[in-house]
Amino acid sequence: EAGVAQSPRYKIIEKRQSVAFWCNPISGHATLYWYQQILGQGPKLLIQFQNNGVVDDSQLPKDRFSAERLKGVDSTLKIQPAKLEDSAVYLCASSSGTSGGGETQYFGPGTRLLVL
Amino acid sequence: KQEVTQIPAALSVPEGENLVLNCSFTDSAIYNLQWFRQDPGKGLTSLLLIQSSQREQTSGRLNASLDKSSGRSTLYIAASQPGDSATYLCALYGGSQGNLIFGKGTKLSVKP
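Remember, predicted model here, so these are calculated numbers, not experimental data.

Let us now look at the overall build of chain B. Each helix and strand counted, chain B has zero helices and 11 strands in total. Starting at the N terminus and walking to the C terminus, you meet the elements of chain B as β-β-β-β-β-β-β-β-β-β-β. Taking 2.2 N^0.38 as the reference for a compact globule, 112 residues should give roughly 13 Å; the C-alpha atoms of chain B span a radius of gyration of 13 Å, in line with that estimate. Each of the three principal axes of chain B carries a C-alpha extent, and together these read 45 × 25 × 20 Å. Here chain B, with 112 residues, has 44% of them falling under the buried criterion. When contacts within chain B are restricted to residue pairs at least 6 apart in sequence, long-range pairs at least 24 apart make up 56% of them.

Residues and elements named next belong to chain B. Tallying each qualifying case throughout the model produces four salt bridges over all chains. With its nearest N and O atoms 3.0 Å apart, the salt bridge here joins Arg37 to Asp39. Given the relative accessible area of 16%, Arg37 is considered buried. Of the residues examined, Asp39 reaches a relative accessible area of 23% and is grouped as partly exposed. As a salt-bridge pair, Asp84 and Arg61 come within 2.8 Å of each other at their nearest N and O atoms. Pair noted here: Asp84 is in the loop between strand E8 (72-77) and strand E9 (86-94) and Arg61 is in the loop between strand E6 (56-59) and strand E7 (62-67), with a separation of 23 residues, a long-range link.

Glancing now at the layout of surface pockets. If you add up the space inside the largest pocket, you get close to 630 Å³. Taken together, 26 residues line the largest pocket, and the ones lying closest to its centre are Gln37, Leu39 and Gly40 of chain A together with Gln38 and Thr87 of chain B. Going through the elements one at a time, strand E9 (88-95) and strand E11 (111-115) of chain A together with E9 and strand E11 (106-111) of chain B are the ones with two or more residues in the lining of the largest pocket. Of the residues assigned to the lining of the largest pocket, the class counts are 11 nonpolar, 10 polar and five charged. Considering only enclosed or pocket space, the second largest pocket measures out at about 490 Å³ in volume. As for the second largest pocket, its lining consists of 21 residues, of which Gly42, Pro43 and Lys44 of chain A together with Ile101 and Phe102 of chain B are closest to the centre. Elements supplying a minimum of two residues to the lining of the second largest pocket: strand E5 (44-50) of chain A together with strand E1 (4-7) and strand E10 (97-102) of chain B. With five residues, E10 of chain B is the largest single contributor of residues to the lining of the second largest pocket. In terms of residue class, the lining of the second largest pocket is built from seven nonpolar, 10 polar and four charged.

Here a disulfide denotes one covalent bond, and it connects the sulfur atoms of two cysteines. Residue and element names in this part refer to chain B. This structure, assessed with the given rule, holds two disulfides over all chains. Each sulfur of the disulfide joining Cys23 and Cys90 lies 2.0 Å from the other. Around the S-S axis, the bridge from Cys23 to Cys90 shows a dihedral of about -60° and counts as left-handed. Placement of the pair is Cys23 in strand E3 (residues 19-25) and Cys90 in strand E9, with a sequence separation of 67 residues. By relative accessible area, Cys23 is classed as buried at 2%. On the accessibility criterion, Cys90 (0% relative accessible area) is buried.

What follows is about empty space enclosed by the protein. Throughout the structure, instances matching the rule amount to two cavities of 30 Å³ or more. What the largest cavity holds in volume is close to 50 Å³. Every residue lining the largest cavity is listed: Arg9, Tyr10, Val89, Pro109, Gly110, Thr111 and Arg112 of chain A together with Gly41 of chain B. Residues that form the lining of the largest cavity fall into these classes: three nonpolar, three polar and two charged.

Cut-offs and rules
Residues numbered from 1 in each chain as written. Chains lettered and ligands numbered in written order. Predicted model: local features only at pLDDT ≥ 70, side-chain atom pairs only at ≥ 80, totals over all residues. Heavy atoms only, no water. Helix = DSSP H or I, 4+ residues; strand = E, 2+ residues; numbered from the N terminus. Rg over C-alpha atoms; globule rule 2.2 N^0.38 Å. Buried < 20%, exposed > 50% of the residue type's maximum accessible area, 1.4 Å probe, protein only. Contact = heavy atoms within 4.5 Å. Salt bridge = Lys/Arg side-chain N within 4 Å of Asp/Glu carboxyl O. 1 Å grid on protein atoms, 1.4 Å probe; cavity = no way out; pocket = protein on both sides within 12 Å on 5 of 7 lines; lining within 4 Å. Points joined across faces, edges and corners; volume = space filled by probe spheres on them. Nonpolar A, V, L, I, M, F, W, Y, C, P; charged D, E, K, R; others polar. Disulfide = S-S within 2.5 Å.

So this is what it looks like as structure tokens:
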């Protein structure tokens, strides 16, 4: 079974530029998550999708971050414009359940973003 | 607001030693608790998941316990190996927030 795929693996941009990350979850997984992990911290949930609907985006900085999962499969996370404090690893995860949470999440390798 | 604390932040042990990683949390109204492993440059791998009704889970050399009343969980690693070197993260689901809340992790180094 293929795992969660993410691309690119690394990205370096200058502040005020835009960037987009892509995630393809495990086949058949209804729930998809985007996390931000700043160096030395645990991951923090940015947004959670169930199929193509948003379940939780309370911690997403909506003035600069956006995400979509149009067909309920793969997802894109965008930052526009980027700030220095956005430097972090962006992790995508998926889970099979639709019960609202608590099931095991499977994580991708992450995209490491450096904003200069 | 749920807060998750992991102590120590870093730990170095010689190969073969048994060790315990600690996780504490402030809100005992949790649905479950998970331990993850994170290798440098890689994503997270789920090691053990303990439901709120359970006291412990075991997988190979790993044993995780949960004591909701005291707000604590421990991850016990038996006969540590250099391949166990990684950052171990504790995460909770439930409480006042309906998503996974992570601690900052314990960075483990097992010396040959």
